[in-house]
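# Coordinate analysis (summary)
The residues making up each chain are set out below.
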There are 2 protein chains.
Amino acid sequence: MPVTIRDVARQARVSVSTVSRAISAPDLVRADTRERVLEVVRGLGYQPNPAARSLITGRTGNLGIVVPDLGNPFFPSVLLGVQARARESGNSVFFCDSGQDAVTEEELIRTMARQVDGVVVCASALDDETLAELSTLTTMVLVNRALPGVPSVLMDSAAGMAAVVEHLAALGHRHCAYLNGPVRAWSNQFRRTGLREAACRTGVSLHELGPYEPTFQGGARGVDAALAAGVTAIIAYNDLMALGVLARLAELAVAVPERISVTGFDDIPYAAMCGRPLTTVTMPAELAGRAAVELLLEQLDNADRVTRSPIRELPTALVIRATTAPPAGPARL
Amino acid sequence: MPVTIRDVARQARVSVSTVSRAISAPDLVRADTRERVLEVVRGLGYQPNPAARSLITGRTGNLGIVVPDLGNPFFPSVLLGVQARARESGNSVFFCDSGQDAVTEEELIRTMARQVDGVVVCASALDDETLAELSTLTTMVLVNRALPGVPSVLMDSAAGMAAVVEHLAALGHRHCAYLNGPVRAWSNQFRRTGLREAACRTGVSLHELGPYEPTFQGGARGVDAALAAGVTAIIAYNDLMALGVLARLAELAVAVPERISVTGFDDIPYAAMCGRPLTTVTMPAELAGRAAVELLLEQLDNADRVTRSPIRELPTALVIRATTAPPAGPARL
DNA sequence: CTGAAAGCGCTAACAT
DNA sequence: ATGTTAGCGCTTTCAG
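Read on for an overview of the structure. In this text, all values refer to a predicted model and were calculated from it rather than measured experimentally. (Residues numbered from 1 in each chain as written. Chains lettered and ligands numbered in written order. Predicted model: local features only at pLDDT ≥ 70, side-chain atom pairs only at ≥ 80, totals over all residues. Heavy atoms only, no water.)

## Concerning the sheet that holds strand S9 (residues 261-263) of chain B
All names here are of chain B. Strand order in the open sheet made by the four strands is S7-S6-S8-S9, with parallel pairing throughout. Taken across any chain shown, the strands that pair with only one partner, and hence form the sheet edges, are strand S7 (205-209) and S9. When strand polarity is set aside, the average angle formed by the axes of neighbouring strands in this sheet is 20°. Summarising the sheet, strand S6 (residues 175-179) and strand S8 (residues 233-236) pair through four bridges and their orientation is parallel. If you follow Cys 176 over to S8, its bridge partner there is Ala 233. Each of S6, S7 and S8 is contacted by helix H9 (residues 186-202), which is oriented at about 155° to S7, the strand it contacts most. (Pairing = 2+ DSSP bridges. Helix = DSSP H or I, 4+ residues; strand = E, 2+ residues; numbered from the N terminus. Axes fitted to C-alpha atoms, helices over the stretch in contact; angles between N-to-C directions. Contact = heavy atoms within 4.5 Å.)

Given below as structure tokens:
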């Protein structure tokens, strides 16, 4: 049987309220009483029962995060940031993987809503209506997704993609393929925007392929179509796909970057570790996690005040490594 | 204001106890009453307040998991397994990263202990005494660590390492280097055991180097020493290190596997995705996560019964890919 | 089979 | 500055 506030009160010869105050509002009790109480608290190893506390305060001290795919190293990084910031503010964090499935995601958010003060939803697969409805259930912050009325952390991926295209154009590429990720995904659309705009501006012709799964396999799958299109560079939706592209290209004995250039997006740790370090766009994933919690905390504090819908936009940056170079004429099978 | 059990009771014209029973012990209420109640429950979208429930039942419905480094893709996989199994059993899961720091880890476990029914501790950095003490705070299951009295999920890494050595020996290697991970880590010791035994048995001479950080950088750092030792194969503590070894070797223009063979451990996804797919030992990470929860659940059900200390041992397997080949004389700088 | 009532451990008025 | 008291929302005896 764990020690309760009563045990502490008895042994410190004070009332339970004094114990409660000594812990949650120390300046409301006289210094020596406080010391005596805290002494006993330490001695007994007392820790308040969070359930009881939550029942009355209405706060759980818990935050939640829902990600689409923990297998994508981008998300563990976000998790890291979320947890770090949450811990600083005395919160714990629930975690869930939706497996990129909208139905699962909705279910998970509903379940979480009951036991957290707020939830961070990453790269949601849900449509606007559903998401809007869910956002009424609990305080919500979106990552890599925008929705009127809901605060979100965005990464400027349009700018990132634009930088990729400009880099490729500067290298002399005129025909590039884009391997689409999930077409309905907000971030794919956003990336495409930056892509098209920059392609148009720099005069490179863009061959849009896909959609493909945003995975290693998905990327590998897109290669043949890209090669058939006679492009000199392949722009992948994300790093995982780019890694798949690289592998398939190696299988086909197409030299990278001599015959064809390849770019990724996200700058996952392995982008730098692989045989031929990947040119990609770096995303401040951990920072995004921290920012999301920050937004959550702000909402929580402002409880009843007018809820604006702040959008935190984080910068992205092109990282040029070893998979891009000037073109050497169209690479065909 | 969320809907409470009273709202349901009122609208269904029954007492709160009936509502409670209709939900948690359906067979205790007459079918038609139950239907009426559940109807209202659905209509109102009622969900019991977990804090209130937990206060009285003593169960939180939450599980926790502590990992040393989410940046190592092995652990997201374990998380995935934990979460999947937890969800099947109606539990939520708290997650924490200790950053490989013993003090942080202890603190995290203490905090979690209050709000979960049980906790899965992965690759703990804690000493036996501390861990034993913490295990009295809540139900605990260890992953990749053994401790008398505490159930654990182990992966047979000794066998895995033995398989690596045998494979190398069969290829004709006589001098191998082992790049140690954290020496105090239980899993490093276990891996070393299998290593030494097999080395002895197959007559290969082992050069133990390190310890190094179990990361990409750590692996890269170990290469020069290994080369200086004149070995023909480098056995890394884990895949991350092996990837670092590969990168450093590439920098040094030492051909893999022609001049030197390299092996990893864990079979993280990128082991197969990198330029030269890594020969490694596959660890059933996700399965381990599931098994850990299973063990936890068993403990929880047996509450007061004699607690044996079951050890679930999961098999590992050598995966031969492209970084191992017969030796070509000692590779020196 | 259903209802009434007693708390679970804690915090937050309200007194003193 | 400290104590008293009334619940938070729910489950669980105990009656009926």
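## Some remarks on the interface of chain A and chain B
In this complex, chain A contributes 37 residues to the contact, which on the side of chain B involves 37 residues. For the chain A and chain B pair, buried surface summed over both sides reaches about 3500 Å², with 62% attributable to carbon and sulfur atoms. A per-residue breakdown of the area chain A buries against chain B is headed by Arg 114, Tyr 270 and Met 273 of chain A, which together make up 20% of the total. At the boundary of chain A and chain B, one finds two salt bridges. Two residues, Arg 87 of chain B and Glu 107 of chain A, come together in a salt bridge whose shortest N-O distance is 3.2 Å. Across the chain A-chain B interface, the total number found is 12 residue pairs in polar contact (both at pLDDT 80 or more). For the side of chain A that touches chain B, the secondary-structure elements that each account for two or more residues are helix H4 (50-57), helix H5 (74-88), strand S2 (92-97), helix H6 (102-115), helix H11 (239-251) and helix H12 (269-273) of chain A. Here the side of chain A that touches chain B is composed, by residue class, of 22 nonpolar, 10 polar and five charged. (Buried area = accessible area lost by both parts, 1.4 Å probe. Salt bridge = Lys/Arg side-chain N within 4 Å of Asp/Glu carboxyl O. Polar contact = N/O pair within 3.5 Å; in protein donor to acceptor, adjacent residues only side chain to side chain. Nonpolar A, V, L, I, M, F, W, Y, C, P; charged D, E, K, R; others polar.)

## Here's the deal with the sheet that holds strand S9 (residues 261-263) of chain A
Residue and element names in this part refer to chain A. If you walk across this open sheet you meet the four strands as S7-S6-S8-S9, and the pairing is parallel. The two strands at the open ends of the sheet, each matched to only one other strand, are strand S7 (205-209) and S9. The sheet shows a mean angle of 20° between the axes of neighbouring strands, taken without regard to direction. Strand direction decides the pairing type here: strand S6 (residues 175-179) and S7, joined by five bridges, are parallel. Paired with Leu 179 across the strands is Leu 209, a residue of S7. In the packing of H11 onto the sheet, contacts are made with S6, strand S8 (233-236) and S9, and the angle to S9 comes to roughly 155°.

## So, the packing of helix H1 (residues 5-12) of chain A against helix H2 (residues 16-24) of chain A
Residues and elements named next belong to chain A. Taken N-terminus to C-terminus, the directions of H1 and H2 make an angle of 105°; their axes are 8 Å apart at the nearest point. Relative to H2, the element H1 lies roughly perpendicular. Only Val 16, Val 19 and Ser 20 of H2 make contact with H1, whose side of the interface consists of Ile 5, Arg 6, Val 8 and Ala 9. By residue class, the composition of the contact of H1 with H2 is five nonpolar, one polar and one charged. (Parallel < 35°, antiparallel > 145°, perpendicular 65-115°, else oblique.)

## Some points on empty space enclosed by the protein
One pass over the structure, following the stated rule, counts one cavity of 30 Å³ or more. There is about 40 Å³ of room inside the largest cavity. For the lining of the largest cavity, the elements supplying multiple residues, two or more each, are H12 of chain A together with helix H12 (269-273) of chain B. Its residues assigned to classes, the lining of the largest cavity shows eight nonpolar, no polar and no charged. (1 Å grid on protein atoms, 1.4 Å probe; cavity = no way out; pocket = protein on both sides within 12 Å on 5 of 7 lines; lining within 4 Å. Points joined across faces, edges and corners; volume = space filled by probe spheres on them.)

## Overview of the packing of aromatic side chains
Counting across every chain of the model gives seven aromatic pairs over all chains. Centre to centre, the rings of Phe 74 of chain A and Phe 75 of chain A are 5.1 Å apart; their planes meet at 85°, and the pair counts as edge-to-face. Residue Phe 74 of chain A shares its accessibility class with Phe 75 of chain A, and that shared class is buried. Arg 191 of chain B extends its terminal NZ or CZ atom over the ring of Tyr 237 of chain B, reaching a point 4.6 Å from the ring centre. (Phe/Tyr/Trp six-rings, centres within 6.5 Å; stacked < 30°, edge-to-face > 60°. Buried < 20%, exposed > 50% of the residue type's maximum accessible area, 1.4 Å probe, protein only. Lys NZ or Arg CZ within 6 Å of the ring centre and 35° of its normal.)

## Section: the environment of Leu 252 of chain A
Residue and element names in this part refer to chain A. Within the element layout of this structure, Leu 252 appears in the loop between H11 and S9. Judged by relative accessible area, Leu 252 falls into the partly exposed class, the value being 24%. As for Leu 252 and Asp 224, which are separated by 28 residues in sequence, their C-alpha atoms are 9.4 Å apart.

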